[in-house]
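Residue-level structural notes
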2 protein chains.
Amino acid sequence: MHIYLACTVRGDRVAVEAARVLCARLEEAGHTVPTKHLLADDADASEAALTARAVYERDMARLERCDVLIAEASGSSYGVGFEVGYVLGRSAATTKRVVLLYKQDREDRISRFIPGITHPRCTTIAYNDPGELAEKVLAVLDDVRS
Amino acid sequence: MHIYLACTVRGDRVAVEAARVLCARLEEAGHTVPTKHLLADDADASEAALTARAVYERDMARLERCDVLIAEASGSSYGVGFEVGYVLGRSAATTKRVVLLYKQDREDRISRFIPGITHPRCTTIAYNDPGELAEKVLAVLDDVRS
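Here the structure is a predicted model, which means the values were calculated and not measured. (Residues numbered from 1 in each chain as written. Chains lettered and ligands numbered in written order. Predicted model: local features only at pLDDT ≥ 70, side-chain atom pairs only at ≥ 80, totals over all residues. Heavy atoms only, no water.)

**Topic: the overall build of chain A**
Broken down by element type, chain A carries five helices and four strands. For chain A, the N- to C-terminal ordering of α and β elements is β-α-α-α-β-α-β-β-α. Taking 146 residues into account, the globule formula puts the C-alpha radius of gyration at 15 Å, and chain A, at 14 Å, falls close to it. Summarising its shape, the C-alpha atoms of chain A cover approximately 40 × 35 × 30 Å along the three principal directions. By residue count, 51% of the 146 residues in chain A fall in the buried class. Partitioning the contacts of chain A with sequence separation of at least 6, the portion at a separation of at least 24 is 71%. Of the accessible surface of chain A, which amounts to about 6,100 Å², a share of 48% is contributed by carbon and sulfur atoms. In chain A, 19 positive and 22 negative side-chain charges are present, and the distance between their average locations comes to 4 Å. (Helix = DSSP H or I, 4+ residues; strand = E, 2+ residues; numbered from the N terminus. Rg over C-alpha atoms; globule rule 2.2 N^0.38 Å. Buried < 20%, exposed > 50% of the residue type's maximum accessible area, 1.4 Å probe, protein only. Contact = heavy atoms within 4.5 Å. Areas by Shrake-Rupley, 256 points an atom, 1.4 Å probe, with all protein chains shown as cover. Lys, Arg positive; Asp, Glu negative; His and termini not counted. Charge placed at Lys NZ, Arg CZ, Asp CG, Glu CD.)

**A look at the interface of chain A and chain B**
Listed as interface residues are 41 residues of chain A and, on the opposing side, 41 residues of chain B. Surface buried jointly by chain A and chain B totals about 3,300 Å² across both partners, of which 65% is contributed by carbon and sulfur atoms. Counting the surface chain A buries against chain B, the share from its top three residues, Tyr78, Arg112 and Phe113 of chain A, is 31%. At the surface where chain A touches chain B, the tally comes to two salt bridges. Linking chain A with chain B are 14 residue pairs in polar contact (both at pLDDT 80 or more). Sort the elements by how many residues they give to the side of chain A that touches chain B and helix H4 (residues 78-89) of chain A lands first, with eleven residues. Tallied by class, residues from the side of chain A that touches chain B come to 19 nonpolar, ten polar and twelve charged. (Buried area = accessible area lost by both parts, 1.4 Å probe. Salt bridge = Lys/Arg side-chain N within 4 Å of Asp/Glu carboxyl O. Polar contact = N/O pair within 3.5 Å; in protein donor to acceptor, adjacent residues only side chain to side chain. Nonpolar A, V, L, I, M, F, W, Y, C, P; charged D, E, K, R; others polar.)

**Examining the relation of the copies chain A and chain B**
Least-squares fitting of chain A to chain B yields an RMSD of 0.0 Å, with the superposition described by an axial translation of 0.0 Å and a rotation of 180°. Here the copies are linked by what is in effect a two-fold axis. Mapped onto chain B, 100% of the interface residues of chain A again fall at the interface, so both copies present the same surface. (Least-squares fit on C-alpha atoms with pLDDT ≥ 70 in both.)

**Overview of the side chain of serine 111 of chain A**
Here serine 111 of chain A lies in the loop between strand E3 (97-103) and strand E4 (122-127). Judged by its relative accessible area of 12%, serine 111 of chain A falls in the buried class. One polar contact links the side chain of serine 111 of chain A to the main-chain amide nitrogen of phenylalanine 113 of chain A, over a distance of 3.0 Å. Dropping the residues within four chain positions of it, serine 111 of chain A is found in contact with Ser76 of chain A together with Tyr78 and Gly79 of chain B.

**A closer look at the environment of alanine 126 of chain B**
Residue and element names in this part refer to chain B. Structurally, alanine 126 is set in strand E4 (residues 122-127). Counting along the chain gives 36 residues from alanine 126 to arginine 90, while the straight-line C-alpha distance between them is 24 Å. If near-sequence neighbours (up to four positions away) are discounted, alanine 126 is found in contact with Tyr102, Gln104 and Lys136.

**Focus: the packing of aromatic side chains**
Scanning all chains against the criterion turns up ten aromatic pairs over all chains. Between tyrosine 56 of chain A and phenylalanine 82 of chain A, the ring centres sit 6.2 Å apart and the planes meet at 65°, which makes this aromatic pair edge-to-face. With tyrosine 56 of chain A in helix H3 (residues 52-65) and phenylalanine 82 of chain A in helix H4, the pair connects residues that are 26 residues apart, well separated along the chain. For the pair tyrosine 56 of chain A and phenylalanine 82 of chain A, one class covers both residues: buried. Ring centres 5.5 Å apart and planes at 85° place the aromatic pair phenylalanine 113 of chain A and tyrosine 56 of chain B in the edge-to-face group. In this pair, phenylalanine 113 of chain A is assigned in the loop between E3 and E4 and tyrosine 56 of chain B in helix H3 (residues 52-65), connecting two distinct chains. Accessibility assignment for this pair places phenylalanine 113 of chain A and tyrosine 56 of chain B in one class, buried. Among the aromatic residues, those joined into a ring-pair cluster are Tyr56, Tyr78, Phe82 and Tyr86 of chain A together with Phe113 of chain B. (Phe/Tyr/Trp six-rings, centres within 6.5 Å; stacked < 30°, edge-to-face > 60°.)

**Observations regarding the sheet that holds E4 of chain A**
Residue and element names in this part refer to chain A. Strand order in the open sheet formed by four strands is E1-E2-E3-E4, and the pairing between neighbours is parallel. Either end of the sheet is taken by a strand with one partner, and the two such strands are strand E1 (3-6) and E4. Here the average twist between neighbouring strands, direction ignored, is 15°. Where E1 meets strand E2 (residues 68-72), four bridges bridge the pair, whose relative direction is parallel. Note on E2: the bridge partner recorded for leucine 5 is isoleucine 70. (Pairing = 2+ DSSP bridges. Axes fitted to C-alpha atoms, helices over the stretch in contact; angles between N-to-C directions.)

**Considerations on the packing of H3 of chain A against H4 of chain A**
Packed helices, taken two at a time, are described by the angle their axes make and the gap between the axes. All names here are of chain A. For the pair H3 and H4, the least separation of the axes is 12 Å and the interaxial angle reads 40°. In terms of their interaxial angle, H3 and H4 are classed as oblique. For the pair H3 and H4, the crossing hand works out as right-handed. In contact with Tyr56, Asp59, Met60 and Leu63 of H3, H4 contributes Phe82, Glu83, Tyr86 and Val87. (Parallel < 35°, antiparallel > 145°, perpendicular 65-115°, else oblique. Left-handed = near helix turned anticlockwise from the far one by under 90°.)

Have a look at this one:
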């Protein structure tokens, strides 16, 4: 599947290492992750080569093409929130799903909309360990596909 | 009009004072702002009386009832991003509009999706002064209503 893996660029990158582990496992499992470059240490500097408008339009086009949005939300950032809200807001007109991830120990600091979400097209996973996380996400993707 | 005025609760509250000035001007102009309590200094503590799920469901019901979402995004938070994305994602099926606000001097620190957004149902205002901001927002609301 085509997976839009979202992780904050300018916000708190506390979970970027878990997102990298997840990205590697998704690719090993045969999925495509066109947003992989956002996990690099120099992502903010690389993005600076584009205008904000070009970044927005590129990412919205990618979101349009993806089958699933996997959103790592431990950094509780606007961009990740926007993407989750947009995909769910449009989900009556598409077949897209969202898998929303956050580190369990961040629960008291992040938006209540992350642990509190009850949208039927969103599966939320609170995790402690990146390896355990990847297995849970792959199981959700198998469910979505079948 | 019924206005959902969004401002981060757990994120960076750098613009809460500007949001309060705006809220007061909206009420003076005859608008209703049911999310006003989120601008109080003790908003995070008050919200703790509810579960995350109850907060999410209350806010989604409010979002459903509002005519316009005004989102103060200078704190670049997940919750505000989610609300903006959700309203715009659903906007083909509703008549809602978004007015997105950010402090000009935060542009290099916030998500590129804030200054970069080009969605036709979103009007973005970068501001320096809260008084000037309120006048600009009231002018946009007059346009929306007419």
